[in-house]
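# Coordinate inspection notes
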Amino acid sequence: MSLRRIGKLFAANNLGQIITVLTQLLLPPAFLHAFGESLYGQWLALSAAISYLITFNYGLQTYTNMQNCRSGIAPHGGLCYRVFRVDEVLSLLWKRISR
C-alpha cells in the first residue's frame, strides 16, 4: 500500500469523524428550536427506545437459517417458502415500527 493511499484513507476517516461530531453538535439545537422541549424530549425517548429494541435479534435470523437448512435437506419445499415468508413479514414489521 502506498503512502499516498494511506494518507487518503486517513483523511477520509478523519473527515467522517469530523462530520459525525458536527452533526451531533448542530442537530440537537436545531431540533429543539423546531420541535420545542416537550416534543423533542418525546421524540428522543421514543427513538431511543425503538433503537434499543432493534438491537435485539431474539435469535430470529439463526432460527430462519436453521429452518432453511433443514427444509433444504428434507423433501419439504413448502416449509422453506413459509419460513421465508415469516422472516420477511417480521422484518417488514420491525422496519415499519422503527420509523
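Counting secondary structure elements, the protein chain contains 4 helices and 0 strands. Walking the protein chain from its N terminus toward its C terminus, one meets helices and strands in the order α-α-α-α. With 99 residues in all, the protein chain has 8% of them scored as buried. Within the structure as shown, the protein chain displays about 8,400 Å² of accessible surface, and the carbon and sulfur contribution to it stands at 68%.

Before going further, it helps to spend a moment on helix α1 (residues 3-35). The end-to-end C-alpha distance of α1, which contains 33 residues, comes to 47 Å, matching closely the 48 Å that a straight helix rising 1.5 Å per residue would cover. Of all the bends in α1, the greatest reaches close to 25° and is centred on Leu-27; the proline Pro-28 follows between one and four positions later.

Below, the discussion takes up the packing of aromatic side chains. Taken as a whole and assessed by the stated rule, the structure comprises 5 aromatic pairs. Chaining the aromatic ring pairs together yields one cluster made of Phe-31, Phe-35, Tyr-40 and Trp-43.

What follows deals with the packing of α1 against helix α2 (residues 37-54). Between α1 and α2, whose axes approach to 7 Å, the crossing angle comes to 125°. By the angle between their directions, the pair α1 and α2 is classed as oblique. In the packing of α1 onto α2, the handedness of the crossing is right-handed. Contacts between α1 and α2 involve Pro-28, Phe-31, Leu-32 and Phe-35 from the first element and Glu-37, Leu-39, Tyr-40 and Trp-43 from the second. For the contact of α1 with α2, the residue count by class is 7 nonpolar, no polar and 1 charged.

This part covers a nonpolar patch on the surface. Taken together, the side chains of Tyr-52, Leu-53, Ile-54, Phe-56, Leu-93, Trp-94 and Ile-97 make up a nonpolar region of the molecular surface, amounting to roughly 660 Å² of accessible area. Within the residue set of the nonpolar patch, elements represented by two or more residues are α2 and α4 (77-97). Looking at the secondary structure, you find Ile-97 in helix α4. By relative accessible area, which is 46% here, Ile-97 ends up partly exposed.

About the criteria used
- Residues numbered from 1 in each chain as written.
- Predicted model: local features only at pLDDT ≥ 70, side-chain atom pairs only at ≥ 80, totals over all residues.
- Heavy atoms only, no water.
- Helix = DSSP H or I, 4+ residues; strand = E, 2+ residues; numbered from the N terminus.
- Buried < 20%, exposed > 50% of the residue type's maximum accessible area, 1.4 Å probe, protein only.
- Areas by Shrake-Rupley, 256 points an atom, 1.4 Å probe, with all protein chains shown as cover.
- Expected span 1.5 Å × (residues − 1).
- Bend = angle between axes of the 7 residues up to and from the residue.
- Phe/Tyr/Trp six-rings, centres within 6.5 Å; stacked < 30°, edge-to-face > 60°.
- Axes fitted to C-alpha atoms, helices over the stretch in contact; angles between N-to-C directions.
- Parallel < 35°, antiparallel > 145°, perpendicular 65-115°, else oblique.
- Left-handed = near helix turned anticlockwise from the far one by under 90°.
- Contact = heavy atoms within 4.5 Å.
- Nonpolar A, V, L, I, M, F, W, Y, C, P; charged D, E, K, R; others polar.
- Patch = residues over 30% accessible without salt bridge, like charges linked within 9 Å, V, L, I, M, F, W, Y side chains within 5 Å.
- Salt bridge = Lys/Arg side-chain N within 4 Å of Asp/Glu carboxyl O.

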